[in-house]
Amino acid sequence: MKLLNEEVRAQLQQVFENMKTDVTIALFTKESECETCKETDSFLNELIETSDKLHLKHYDLDENEDIAEKFQVNVVPAIVLLNHQEEYQRIKFNGIPAGHEINSFVKGILEVSGAGVPLPEAVAERLSAITKPVNIKVFVTLGCPHCPGAVEKAHKLALMNPHVEAEMIEAQTFYDLSEKFNVSSVPKVVINDQYEFVGNQSLEVFMEEIEKTQMTVQ
Amino acid sequence: MDLQLDIGLMNHTKDNSSSQILPDYVDVAIIGAGPAGLSAGIYAQRKGLKTIVIGNSTGGQVNDTSTVENYPGFSSLSGESLAHKFYDHAISLDIPVIKETKVVDINVQNKVKLVKMDNGNSIRAKAIIIATGSNHRILGVKGEDRLAGRGVAYCAICDGPLFQGREVIVAGGGNAAVEAAIDLSKIAKKVSIVHRSIFRADQILIDHMKKLQNIDVYLKTQILEVLGENRVTGVRVKSKNTKVEQIIQAEGVFVEVGYTPNSSLVRDIVEINGRGEIKIDSKMQTSVPGIFAAGDVVEGPYKQIVIAAGDGAKAALSANEYINHLSNEEELNNEIA
Ligand SMILES: Cc1cc2nc3c(=O)[nH]c(=O)nc-3n(C[C@H](O)[C@H](O)[C@H](O)COP(=O)(O)OP(=O)(O)OC[C@H]3O[C@@H](n4cnc5c(N)ncnc54)[C@H](O)[C@@H]3O)c2cc1C
């Protein structure tokens with residue numbers, strides 16, 4: 001079954017024309033115990049056909065342990081976006097970014113390809129003061145219209161500061177993780193597994209929570 | 001899991017906001033980009049008015065609706081696609097739609113009004129249309145606030161999938177509540193719909209719901225409290241007829257009890273009724289000349305997409321008339337220059 005219909009394909013082609021540099025999509029899967037790995041793979045295979053700037057690389061979570069560790073991947077399916085030099089940009093998608101989430105995925109690709117929009121100055125300034133490691137998890141469901149906005153903000157913050165990494169987590173696929181973080185409304189944002197909020201909040205709210213992690217002794 | 005792709009929410013391909021330099025002044029500034037705001041934009045632009053639409057989420061509440069089955073011309077389509085259609089229509093007329101931007105203040109001291117946005121920009125306008133819509137209302141019972149995001153939810157299409165195989169409660173008795181119950185019945189083990197009076201929803205929806213095996217209906221039943229330590233475990237309810245209290249167990253409570261108008265922006269500027277809705281005349285003009293309002297935010301009983309769109313059209317035509325009749329054009333033009 002084709003996941004991308006003609007209309008979506010045409011839209012993607014047009015959007016990806018804005019890409020400045022090549023982007024490599026690194027997909028981590030596993031032979032067994034992964035219900036959505038196959039679909040994620042075929043989804044990405046169809047997606048890369050819409051631009052010759054897009055490349056797909058396959059990794060096995062167990063066999064490519066070292067690479068997984070480098071990109072801090074520990075679940076499957078996981079997607080890591082790499083820049084034209086195949087460098088880790090600290091942004092990830094755990095689970096298939098389909099449904100509404102294709103929007104944050106497309107945005108992520110554009111950002112990594114150099115076609116992003118700058119952060120508001122005040123936020124950029126606050127972000128530059130972040131020097132201790134920050135991990136942002138954004139739990140989503142694919143039917144949630146507000147979720148891509150939260151994922152995009154988290155990813156943007158990660159792209160703009162080397163100490164910040166951000167990951168989307170599809171809550172249904174990673175049920176145990178959702179349970180662990182008590183996810184019952186999405187988007188739910190969890191920072192350093194400690195600070196959290198619900199909703200597609202403003203960048204200022206993200207910054208407030210991120211700044212809390214800088215005060216504690218880590 | 002529904003993998004259907006919903007691309008275009010932010011319309012990457014044709015975006016009128018980022019590439020465009022914000023004009024310094026417009027004829028009409030429309031605040032809110034839901035059905036009312038976008039429809040107003042379409043009408044205003046086609047009248048030849050210099051128009052701008054400023055909204056913090058294009059499509060408004062239509063995005064939160066799974067399927068719309070009562071918008072003429074479309075027997076059934078997703079809220080998302082209808083929102084896209086409205087937006088695409090507006091964009092096709094080259095209306096600047098400033099997205100993800102909130103209007104934080106308007107100044108109406110002078111005939112030329114000033115609209116201030118949260119990104120620090122401001123714009124002057126001869127007329128303003130308030131189309132800020134409404135927001136979900138809370139139940140206002142003990143435990144609700146504490147357990148929000150811990151089982152208490154306000155968006156069935158967002159949070160429904162997190163309750164797969166569990167028992168949930170829907171609070172409310174209007175269309176949104178019955179639709180939520182129907183949607184959730186496909187995911188949850190059991191759905192209990194609890195409403196303090198009788199159903200207000202369309203009969204066709206109620207009939208559909210009654211056919212579903214795993215939905216229990218509690219009418220004339222008041223929710224007194226949402227129970228749970230760290231997560232929702234149920235609700236305490238009281239029957240209005242028997243006065244008997246009981247506990248309904250559930251892990252999720254979806255609150256669909258209606259909406260409160262987003263009128264705070266103009267609370268101190270135009271007249272507002274007891275329900276927080278903006279008062280308007282038959283031409284959608286508020287108590288302040290040159291300020292019009294449309295959609296869920298205005299006085300009136302029925303909050304629907306088609307009504308909001310109709311209101312928007314009226315408000316734009318009325319704003320056009322107002323602008324054409326502005327008494328002292330010269331003085332106004334001086335103010336603008
Ligand atoms: C779950 C659900 C299901 C529904 N189902 C149906 C249905 O099947 N059929 C039907 O006809 N209707 C349905 N409705 C009702 C319908 O969605 C509303 O009546 C309609 O969207 C109202 O349109 P509006 O433009 O007035 O307001 P809204 O849709 O609320 O849009 C207003 C917009 O303005 C923005 N805004 C607010 N303040 C500001 C500000 N200061 N600056 C900038 N922007 C601002 C808001 O963020 C929002 O995007 C449903 C509603 C819900 C929530």
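Before reading further, recall that the structure is shown in the block above.
A brief structural summary. Since we're looking at a predicted model, the values are computed, not measured.

### Observations concerning the sheet that holds strand β15 (residues 234-239) of chain B
All names here are of chain B. The strand order across the open sheet formed by three strands is β14-β15-β16, and the pairing between neighbours is antiparallel. Edge positions in the sheet fall to β14 (221-227) and β16 (245-249), since each of these pairs with one other strand and no more. With direction set aside, neighbouring strand axes in the sheet form an average angle of 30°. Pairing of β14 with β15, which is carried by six bridges, proceeds in the antiparallel orientation. Its bridge partner being in β15, V226 is matched across the sheet by V235.

### Concerning the interface of chain B and chain A
The interface of chain B with chain A comprises 30 residues on the first partner and 39 residues on the second. Around 3,000 Å² of area is buried between chain B and chain A when both sides are counted, 59% of it from carbon and sulfur atoms. At the junction of chain B with chain A, the criterion picks out three salt bridges. Among the ionic pairs, E196 of chain A bridges to R150 of chain B, the shortest N-O distance being 3.7 Å. Seen at the junction of chain B and chain A, the total is 12 residue pairs in polar contact (both at pLDDT 80 or more). Secondary structure elements with two or more residues in the side of chain B that touches chain A: β10 (152-153) and α3 (156-159) of chain B. Considering every element that reaches the side of chain B that touches chain A, the biggest residue donor is α3 of chain B, with three residues. Among the residues making up the side of chain B that touches chain A, the classes are represented as 14 nonpolar, eight polar and eight charged.

Here is what the cut-offs are and how they apply
- Residues numbered from 1 in each chain as written.
- Chains lettered and ligands numbered in written order.
- Predicted model: local features only at pLDDT ≥ 70, side-chain atom pairs only at ≥ 80, totals over all residues.
- Heavy atoms only, no water.
- Pairing = 2+ DSSP bridges.
- Helix = DSSP H or I, 4+ residues; strand = E, 2+ residues; numbered from the N terminus.
- Axes fitted to C-alpha atoms, helices over the stretch in contact; angles between N-to-C directions.
- Contact = heavy atoms within 4.5 Å.
- Buried area = accessible area lost by both parts, 1.4 Å probe.
- Salt bridge = Lys/Arg side-chain N within 4 Å of Asp/Glu carboxyl O.
- Polar contact = N/O pair within 3.5 Å; in protein donor to acceptor, adjacent residues only side chain to side chain.
- Nonpolar A, V, L, I, M, F, W, Y, C, P; charged D, E, K, R; others polar.

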